[in-house]
Amino acid sequence: AQSENVLGYFVNVERIPNSCSHSPNRISLKERKILVNLSMAYYRVSISAYNEAGESPPAIYIVPEVSGTDLPGQIHVKSQGTNAVVTWTPEYNPKCFVVDWGTGKEDVHMKIVTTATGNFTLDNFQPYKLYRIMVHASDVCQCESFTRHEKTFGVTHFYSVEGVPRMGPANVTILNITKHSAIVKWTEIAAEDRLGFLQGYRISYTDSSRKKSPAVTLNSSTTSYHLTGLKEKNTYRVQISGFTSAGEGPLTISQPFSTPKYGTVEPLCICITQHEY
């Protein structure tokens, strides 16, 4: 509404974390758009307007995390206690690599690797937490130049120590129940409750005689399963757990359902014929 009073805009693009000892260079614009080429690191963008009276408070935007599917390199991570050795094979030898690691933008560390090496040791990893590790390449190694010259080489995720999930999946429901089958659906285990790379789910169920059927193992992308071979007019209880390489987590609360004696009821047609006498 007050754009006619604006003379221009100041834009700051700041890398997170910012290891520079000074603030990033300001970009002055007349238009309300700017194109910047950024790596996959975290960035904070602050935009303020100015006129003859002064400068407005900045609007701050955090560039969200993106996933890269066409990155040029592969990163491998090996745990060494609270440390991790990161290795990669660069396609070329830039002047430096910039390594970021952390559990999120609020907890991210940065180191600059200027030696011609394909490995680097990172420290201060905590068990059961998922870390994102990024390696970027840059041919200009001055601190303030990373925003303009940095290109992401590869991204990976890492647990220094994996644990079992702290809980099973949520929202377990039983649908489409027939005499001999039913569909079980659930919501995947939340990332913060996995404590490791989720490898899959196990479904176990018992009937009214407490006879336990063999557990069904499913991959981690599955969130529904069609139970078959059930007995009619019987009560079943279903439980689901998730598992990582460290083992199986707790089962969900028992979810009961009953199969009917009869199958799907067919529509019944009653025909009345009127006779004249």
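One can find the structure itself at the top, above this paragraph.
Let me sum up the structure you'll find in this document.

Procedures and definitions
Residues numbered from 1 in each chain as written. Predicted model: local features only at pLDDT ≥ 70, side-chain atom pairs only at ≥ 80, totals over all residues. Heavy atoms only, no water. Helix = DSSP H or I, 4+ residues; strand = E, 2+ residues; numbered from the N terminus. Buried < 20%, exposed > 50% of the residue type's maximum accessible area, 1.4 Å probe, protein only. Areas by Shrake-Rupley, 256 points an atom, 1.4 Å probe, with all protein chains shown as cover. Pairing = 2+ DSSP bridges. Axes fitted to C-alpha atoms, helices over the stretch in contact; angles between N-to-C directions. Contact = heavy atoms within 4.5 Å. Phe/Tyr/Trp six-rings, centres within 6.5 Å; stacked < 30°, edge-to-face > 60°. Lys NZ or Arg CZ within 6 Å of the ring centre and 35° of its normal. Salt bridge = Lys/Arg side-chain N within 4 Å of Asp/Glu carboxyl O.

1. Some thoughts on the overall build of the protein chain
Alright, step 1. Counting its secondary structure elements, the protein chain contains one helix and 20 strands.
Alright, step 2. Evaluated residue by residue, the protein chain yields a buried proportion of 36% over its 277 residues.
Alright, step 3. If you sum the accessible surface of the protein chain, you get close to 17,200 Å²; carbon and sulfur atoms cover 50% of it.

2. Focus on unusual backbone geometry
Alright, step 1. The phi dihedral of Tyr 128 falls on the positive side, at around 65 degrees, and the residue is not glycine.
Alright, step 2. Among the secondary structure elements, Tyr 128 is positioned in the loop between β10 (119–122) and β11 (131–138).
Alright, step 3. Its relative accessible area of 42% is what places Tyr 128 among the partly exposed residues.
Alright, step 4. At Lys 233, a position not held by glycine, the phi torsion is positive, near 50 degrees.
Alright, step 5. Mapped onto the secondary structure, Lys 233 falls in the loop between β17 (224–228) and β18 (235–244).
Alright, step 6. Classification of Lys 233 as exposed rests on a relative accessible area of 61%.

3. Describing the sheet that holds β10
Alright, step 1. Taken in spatial order, the three strands make up an open sheet running β6-β7-β10, and their pairing is antiparallel. The two strands at the open ends of the sheet, each matched to only one other strand, are β6 (75–80) and β10. Taking the axes of each pair of neighbouring strands and ignoring which way they run, one obtains an average angle of 20 degrees across the sheet.
Alright, step 2. Taken together, the six bridges between β6 and strand β7 (residues 83–88) define a ladder with antiparallel strand orientation. Each residue of the ladder has a partner; that of Gln 80, found in β7, is Asn 83.

4. Some points on the environment of Pro 256
Alright, step 1. Residue position: Pro 256 is located in strand β20 (residues 255–258).
Alright, step 2. In this structure, the C-alpha to C-alpha distance between Pro 256 and Arg 237, residues 19 residues apart in sequence, is 4.3 Å.
Alright, step 3. The residues touching Pro 256, leaving out its near neighbours within four places in the chain, are Tyr 236 and Arg 237.

5. Brief notes about the packing of aromatic side chains
What characterises a pair of aromatic rings is the spacing of the ring centres plus the angle enclosed by the ring planes.
Alright, step 1. Inspection of every chain in the model, using the stated rule, returns eight aromatic pairs.
Alright, step 2. Summarising the aromatic geometry, the rings of Phe 125 and Phe 158 are spaced 5.4 Å apart at their centres and angled 85 degrees between planes, so their arrangement reads as edge-to-face. With a gap of 33 residues between them, Phe 125 in the loop between β10 and β11 and Phe 158 in strand β12 (residues 151–158) connect regions that are remote in the sequence. Across the pair, Phe 158 and Phe 125 agree in class, each one buried.
Alright, step 3. Among the aromatic residues, those joined into a ring-pair cluster are Phe 125, Tyr 131 and Phe 158.
Alright, step 4. The positively charged end of Arg 26 is found above the aromatic ring belonging to Phe 10, 4.2 Å away from the centroid.

6. Topic: the sheet that holds strand β14 (residues 181–187)
Alright, step 1. Strand order across the open sheet formed by three strands is β13-β14-β17, with antiparallel pairing between neighbours. Strands with a single pairing partner mark the edges of an open sheet, and in this sheet they are β13 (170–175) and β17. Across the sheet, the mean angle separating the axes of adjacent strands is 20 degrees when strand polarity is ignored.
Alright, step 2. With five bridges joining them, β14 and β17 adopt antiparallel strand pairing.

7. Section: the pairing of β11
Alright, step 1. The buried fraction of β11 is high, at eight of eight residues.
Alright, step 2. Neither face of β11 is left uncovered, since the one carrying Tyr 131, Ile 133, Val 135 and Ala 137 and the one carrying Arg 132, Met 134, His 136 and Ser 138 both have all their residues buried.
Alright, step 3. Two elements, β11 and β12, share seven bridges in a ladder whose sense is antiparallel. Bridge pairing in β12 places Arg 132 opposite His 157.

8. Quick notes on the pattern of salt bridges
Pairing between side chains of opposite charge can happen when their charged atoms approach one another.
Alright, step 1. For the structure on display, the rule yields nine salt bridges.
Alright, step 2. Between Lys 105 and Glu 106 there is a salt bridge, with its nearest N and O atoms 3.8 Å apart.
Alright, step 3. Note that Glu 232 is salt-bridged to Lys 179, the shortest N-O span being 3.7 Å. One end of the pair, Glu 232, is in the loop between β17 and β18; the other, Lys 179, is in the loop between β13 and β14, with 53 residues separating them in the sequence.
Alright, step 4. Owing to a relative accessible area of 37%, Glu 232 belongs among the partly exposed residues under this scheme.
Alright, step 5. In this structure, a network of salt bridges that share partners links the residues Arg 15, Asp 100 and Glu 150.

No statement about biological role is implied by the geometric values presented.
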